Amino acid sequence: MDNSTVLLLFPITVAVIMLGLGLTLTTADFRRVVRYPRAMVVCLVCQMVVLPAICLGLVVLFGLAPELAIGMMLLAASPGGSTASLYSHLFKGDVALNISLTAVNSVLAMFTLPLIVNLSVAGFLGADSSIGLQFDKVVQVFAMVLVPIAIGMVLRSRFPRFAVRMERPVKILSVVVLIMMIAGVISGLGEEVFAILGDIIVVVLLFNLISMTIGYFGPRLFKAGPREATASAFEIGLHNATLSIAIAMSPTLLDNTEMAMPSVTYGFVMFITAMIFGFVVARRVQARTDPVVTPSGT
């Protein structure tokens, strides 16, 4: 299968992954939002407003090339993914909150993501640029993300056993797709990939660490519990790199390999930084806040 064929299959494969996400969601995940009003509001404000603003500041501060700057903004606008729930489970976060955040963010991102991308294209390449998510492309993003999630939720409600059986195969497929996407980006850039990596690695790393830090301590400032803060840290800090790579690379959307490089780099970095963050920050803070049990007879 040549590289052009792989690129054409990106929207389909992402739709399959979104279908898998839908298989893990129920309407209760959306109703559960009222149980976490403080954490939900803080997380959504951080995800939708604070992170894009910080990302913009980083790309301006480091003077990134326009395509790379747009790629960073695309990454910042992408919602969290299933990886956040995995890390939250490992480090005793509130996984139910993660699932609810993923559900709400996935819906809201379909409105905020095209807006942020189009503003970034206009700001970094000029308003007359042909690159961007125009109305027909925005409809494609809706179809690629929202429709499969809705279908997955319907299947989950009608055939719950089937949904549970499909969770593992879909997770494996998502890893395979991410590898395919990364290979496609590297193949398209050739020797330039190392120069681009040198330009963005510091920005990507800083953005990732800042995202998780804000995700954790933002809710804590508003008196959210440590488990909710841990869930928030991973939800805000681990963006859906697969989705942002697909949007950047798809011939029917942005069709720009260089714009995908920030997400490719992020896809590697976040797995390592999230693990370190979990051990150094989340688990240590939880240890201090857990009640001390005094042995009887002392």
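Look up: the structure comes first, before these words.
Criteria and thresholds
- Residues numbered from 1 in each chain as written.
- Predicted model: local features only at pLDDT ≥ 70, side-chain atom pairs only at ≥ 80, totals over all residues.
- Heavy atoms only, no water.
- Helix = DSSP H or I, 4+ residues; strand = E, 2+ residues; numbered from the N terminus.
- Buried < 20%, exposed > 50% of the residue type's maximum accessible area, 1.4 Å probe, protein only.
- Contact = heavy atoms within 4.5 Å.
- Areas by Shrake-Rupley, 256 points an atom, 1.4 Å probe, with all protein chains shown as cover.
- Core = buried A, V, L, I, M, F, W, Y, C linked by side-chain atoms within 4.5 Å.
- Axes fitted to C-alpha atoms, helices over the stretch in contact; angles between N-to-C directions.
- Parallel < 35°, antiparallel > 145°, perpendicular 65-115°, else oblique.
- Left-handed = near helix turned anticlockwise from the far one by under 90°.
- Nonpolar A, V, L, I, M, F, W, Y, C, P; charged D, E, K, R; others polar.
- Salt bridge = Lys/Arg side-chain N within 4 Å of Asp/Glu carboxyl O.

**Section: the overall build of the protein**
Tallying secondary structure elements over the protein gives 12 helices and zero strands in all. Secondary structure of the protein in N-to-C order comes out as α-α-α-α-α-α-α-α-α-α-α-α. A buried classification covers 50% of the 298 residues belonging to the protein. Across the protein, the fraction of contacts at a sequence separation of at least 24, relative to all contacts at a separation of at least 6, is 83%. Entry remark: accessible area of the protein is about 13600 Å², with carbon and sulfur atoms responsible for 70%.

**Concerning the nonpolar core**
Leu 64, Met 72, Val 145, Phe 207, Phe 234 and Ile 247 are the most contacted members of the largest nonpolar core, which totals 75 residues. Leaving out residues up to four positions away in the same chain, Met 72 has contacts with Cys 55, Val 59, Leu 64, Val 203, Val 204, Phe 207 and Pro 262.

**Structural notes on the packing of helix 4 (residues 66-77) against helix 9 (residues 192-221)**
It is at 11 Å that the axes of helix 4 and helix 9 come closest, and there the two elements cross at 30°. Taken together, the axis directions place helix 4 and helix 9 in an arrangement best described as roughly parallel. The interaxial crossing formed by helix 4 with helix 9 has right-handed handedness. Across the interface between the two elements, Leu 68, Met 72, Leu 75 and Ala 76 from helix 4 touch Ile 196, Asp 199, Ile 200, Val 203, Val 204 and Phe 207 from helix 9. Its residues assigned to classes, the contact of helix 4 with helix 9 shows nine nonpolar, no polar and one charged.

**Some points on the pattern of salt bridges**
On inspection of all chains with the given rule, the structure shows one salt bridge. Between Arg 227 and Asp 94 there is a salt bridge, and its shortest N-O distance comes to 3.9 Å. One end of the pair, Arg 227, is in helix 10 (residues 226-237); the other, Asp 94, is in the loop between helix 5 (82-90) and helix 6 (95-125), with 133 residues separating them in the sequence. In this structure Arg 227 comes out as partly exposed when scored by relative accessible area, which is 42%. With relative accessibility at 7%, the residue Asp 94 sits in the buried group.

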